[in-house]
Structure formats: C-alpha cells, structure tokens
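Summary of structural features
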Amino acid sequence: NAGVMQNPRHLVRRRGQEARLRCSPMKGHSHVYWYRQLPEEGLKFMVYLQKENIIDESGMPKERFSAEFPKEGPSILRIQQVVRGDSAAYFCASCRDHFQETQYFGPGTRLLVL
Amino acid sequence: QKEVEQDPGPLSVPEGAIVSLNCTYSNSAFQYFMWYRQYSRKGPELLMYTYSSGNKEDGRFTAQVDKSSKYISLFIRDSQPSDSATYLCAMSVTGGSYIPTFGRGTSLIVHP
C-alpha cells in the first residue's frame, strides 16, 4: 500500500511566479490536510479538505493561496505570485476519516523562492 | 504564550540512555495527544497517540499525559542512534475538524 505521495519534492520559483504542489493521499483516504513548516518552527495547519470540499481553511493566508481536492486526481495547493517568505517545506497528510489520530504524512515539497 | 510549548533542544544523549521529551500546553480542551518523529528532510511519522490522561506504552516508547498539569511526555528507553530525529508533540480538541496543534519539535541526538 503506497503511502502519501507528494510532488515535486523540490520546487524552485522566482518571485512572482506560481507554485503548484500536489498530494496524493493513501489509498482509501478521503481527508487531506496541508501544513507548512518553516525553519525553526513547528508544523502550521493550513487547510483541511475532503473530496470536492474545503472543510477548514482557517490556516490559509487570505491572499495568493488556494487549495482543492477534486473528485479525481490529487489535492493541489496553489501559491500565486510567490514571495521569498513562502519558502518552506509543505507537507500534506491524509486519513481515512475525520478522527485523525492516525494521520499519515507525505515526504513534503520544499519550496525555494529566489 | 503559544498554545503548545516544546523545547527545541538539541538534546544529546549517549546510546542506551533513557530520554525524556516534554511539552506543555495552555488549552485545557485538548483531549488527544500525539507524538511524531521526523527524520531530517522527511515527513513526520506518527509514533503514538493517547486520549486524555494516563500512560501508554509501545515497545521502547512510553507516552504520558498529565492533564492537571497540562504536561505531556514521551520516554524512550535504551535509546539508539537511529532514534536521532526531531520529535513533535501534537494535540487536538474533540469534535470539529480535529485539527492538531503542533509543538515546534525537539531535536534529539543519540551518539554511539
């Protein structure tokens, strides 16, 4: 059973470009969470999605960031007009249901904005 | 004051030592408590979770929750160099989206 997959693993963008991060949850999991991890900081929750629905986006910046989890395909975190402060590791996690003590993380995408 | 406080370390111990990792929290509504291990450049891996107060043991790992003191611990017995990693505590309230709040992690180094 494949784990949570994220791609790309590393992404370099120049300021003003768009970044698209993809997350494929574990088989049978329909709940996806996105987190951001900055150096010297813990994981910060960004958004929680189920298939075709955003359940909780209280951690998402109000501008430039969006997320989706379509009926088919991976979940996508999109960052428009990236700035240097967006440089971080972005992790997604998935679980089978909303009782998330068994939340499985992907390997992360490391975004570097030049 | 942050909701979850965790000393970043690093904590350096010799192989075979008993390791104690701790977190304090301020939100008395937290009911689920988790410990994750994160190796360098990898995603967090769930080690253990507990519900409310008490102890839970799994092999060399013991998780302890003291809700009256708002304090949780992870003990590692007979520590090994392969235990060298960052350990993140996380906790969440019941109901709602169960979104966990993470500590910033403690870096552990076990040297041979």
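These notes cover the structure that comes with them. (Residues numbered from 1 in each chain as written. Chains lettered and ligands numbered in written order. Predicted model: local features only at pLDDT ≥ 70, side-chain atom pairs only at ≥ 80, totals over all residues. Heavy atoms only, no water.)

1. Quick word on the overall build of chain A
Threshold: Under the scheme used here, helices are H or I runs from DSSP no shorter than 4 residues and strands are E runs no shorter than 2 residues, and both carry numbers assigned from the N terminus. Here the globule rule reads 2.2 Å times residues to the power 0.38, and the radius of gyration is calculated from C-alpha atoms. Relative accessibility decides the category of a residue: with a 1.4 Å probe and only protein chains considered, values under 20% of the type maximum give buried, values over 50% give exposed, and everything between is partly exposed. Two residues form a contact once any of their heavy atoms are found within 4.5 Å. The Shrake-Rupley method, run with a 1.4 Å probe, gives the accessible areas here. Residue values count only the displayed protein chains as cover. Residues scored as positive are Lys and Arg, those scored as negative are Asp and Glu, and His as well as the terminal groups of each chain are ignored. Here the site of a charge means atom NZ of a Lys, CZ of an Arg, CG of an Asp or CD of a Glu.
Of regular secondary structure, chain A possesses 0 helices and 11 strands. Seen in sequence order, chain A has helices and strands lined up from the N terminus as β-β-β-β-β-β-β-β-β-β-β. At 13 Å, chain A has a C-alpha radius of gyration in line with the 13 Å of a compact globule built from 114 residues. Going through the 114 residues of chain A one by one, you find that 46% of them count as buried. Sequence-distant contacts in chain A: of pairs separated by 6 or more residues, those separated by 24 or more amount to 53%. Summed over its atoms, the accessible surface of chain A is roughly 5800 Å², and 47% of this surface lies on carbon and sulfur atoms. One way to put it: in chain A the 17 positive side-chain charges average out to a point 8 Å from where the 12 negative ones average out.

2. Looking at the state of the cysteines
All names here are of chain A. The cut-off we apply is this: Note on terminology: disulfide denotes any pair of cysteine sulfur atoms within 2.5 Å.
Here the structure, examined in full by the defined rule, presents 2 disulfides over all chains. The partner cysteine of Cys23 in its disulfide is Cys92, sulfur to sulfur 1.9 Å. As the torsion about the S-S bond is roughly 75°, the Cys23-Cys92 disulfide counts as right-handed. Highlighted residues: Cys23 in strand β3 (residues 19-24) and Cys92 in strand β9 (residues 88-95), separated in sequence by 69 residues. Judged by its relative accessible area of 0%, Cys92 is buried. Cys95 forms no disulfide, and the closest cysteine sulfur to it belongs to Cys23, at a distance of 11 Å. The class for Cys95 is buried, based on a relative accessible area of 0%.

3. Thoughts on the environment of A:Arg20
Residue and element names in this part refer to chain A. Selection rule: For this analysis, a polar contact is any N or O atom pair within 3.5 Å, provided that within protein one partner can donate a hydrogen and the other can accept it, and provided that sequence-adjacent residues contribute only side-chain to side-chain pairs.
Topologically, Arg20 is positioned in strand β3. Residue classification places Arg20 among the partly exposed positions, given a relative accessible area of 38%. In the structure, Arg20 is positioned 58 residues away from Arg78 in sequence and 4.7 Å away in space, judged by C-alpha atoms. Within the structure, Arg20 has its side chain in polar contact with the side chain of Glu18 (distance 2.8 Å).

4. Observations regarding a nonpolar patch on the surface
Quick reminder of the rule: Patches were defined on residues exceeding 30% relative accessible area and lacking a salt bridge, with like-charge contacts within 9 Å and nonpolar side-chain contacts (Val, Leu, Ile, Met, Phe, Trp, Tyr) within 5 Å. Any carboxyl oxygen of Asp or Glu that lies within 4 Å of a side-chain nitrogen of Lys or Arg is treated as forming a salt bridge with it.
A cluster of nonpolar side chains, contributed by A:Val12, A:Leu112 and A:Leu114, occupies part of the molecular surface with about 250 Å² of accessible area. For A:Leu114, the position within the fold is in the segment after β11 (109-113).

5. Quick word on the interface of chain A and chain B
Rules: Two parts placed together each lose some accessible area under a 1.4 Å probe, and adding up what both lose gives the buried area. The residue classification treats Ala, Val, Leu, Ile, Met, Phe, Trp, Tyr, Cys and Pro as nonpolar and Asp, Glu, Lys and Arg as charged. All others, Gly included, are polar.
Facing the 24 residues of chain A at the interface are 20 residues of chain B. The junction of chain A with chain B conceals about 1800 Å² of combined surface from both sides, 57% of it contributed by carbon and sulfur atoms. Where chain A meets chain B, there are 0 salt bridges. Contributing elements (two or more residues each) for the side of chain A that touches chain B: β4 (31-37), β5 (43-50) and β6 (53-56) of chain A. Across the side of chain A that touches chain B, the residue classes break down as 10 nonpolar, 8 polar and 6 charged.

6. Looking at the pattern of salt bridges
If charged atoms from side chains of opposite charge come close, those side chains can pair. Under the defined criterion, the tally for this structure stands at 6 salt bridges over all chains. Each of the salt bridges in this network shares a partner with another, and the network as a whole consists of A:Glu18, A:Arg20 and A:Arg78.

7. Topic: the sheet that holds strand β1 (residues 4-5) of chain B
Residue and element names in this part refer to chain B. Quick reminder of the rule: Any two strands with at least two DSSP-identified bridges between them are counted as paired.
Strand order in this open sheet of 5 strands is β1-β3-β8-β7-β6, and the pairing throughout is antiparallel. The sheet is open, and its two borders are formed by β1 and β6 (54-58), each paired with just one other strand. Where β1 lies against strand β3 (residues 19-25), 2 bridges are found, and the strand directions are antiparallel. Residue pairing for β3: Val4 is matched across the bridge by Tyr25.

8. Examining unusual backbone geometry
When glycine is set aside, most residues are seen to have a negative phi, and most peptide bonds are trans. A cis amide bond, omega -5°, links A:Asn7 with the succeeding residue A:Pro8. For A:Pro8, the location among the structural elements is in the loop between β1 (5-7) and β2 (10-13). Here the bond from B:Gly9 into B:Pro10 is cis, since omega is 10°, no more than 30 degrees from zero. Considering the arrangement of structural elements, one finds B:Pro10 in the loop between β1 and β2 (11-14).

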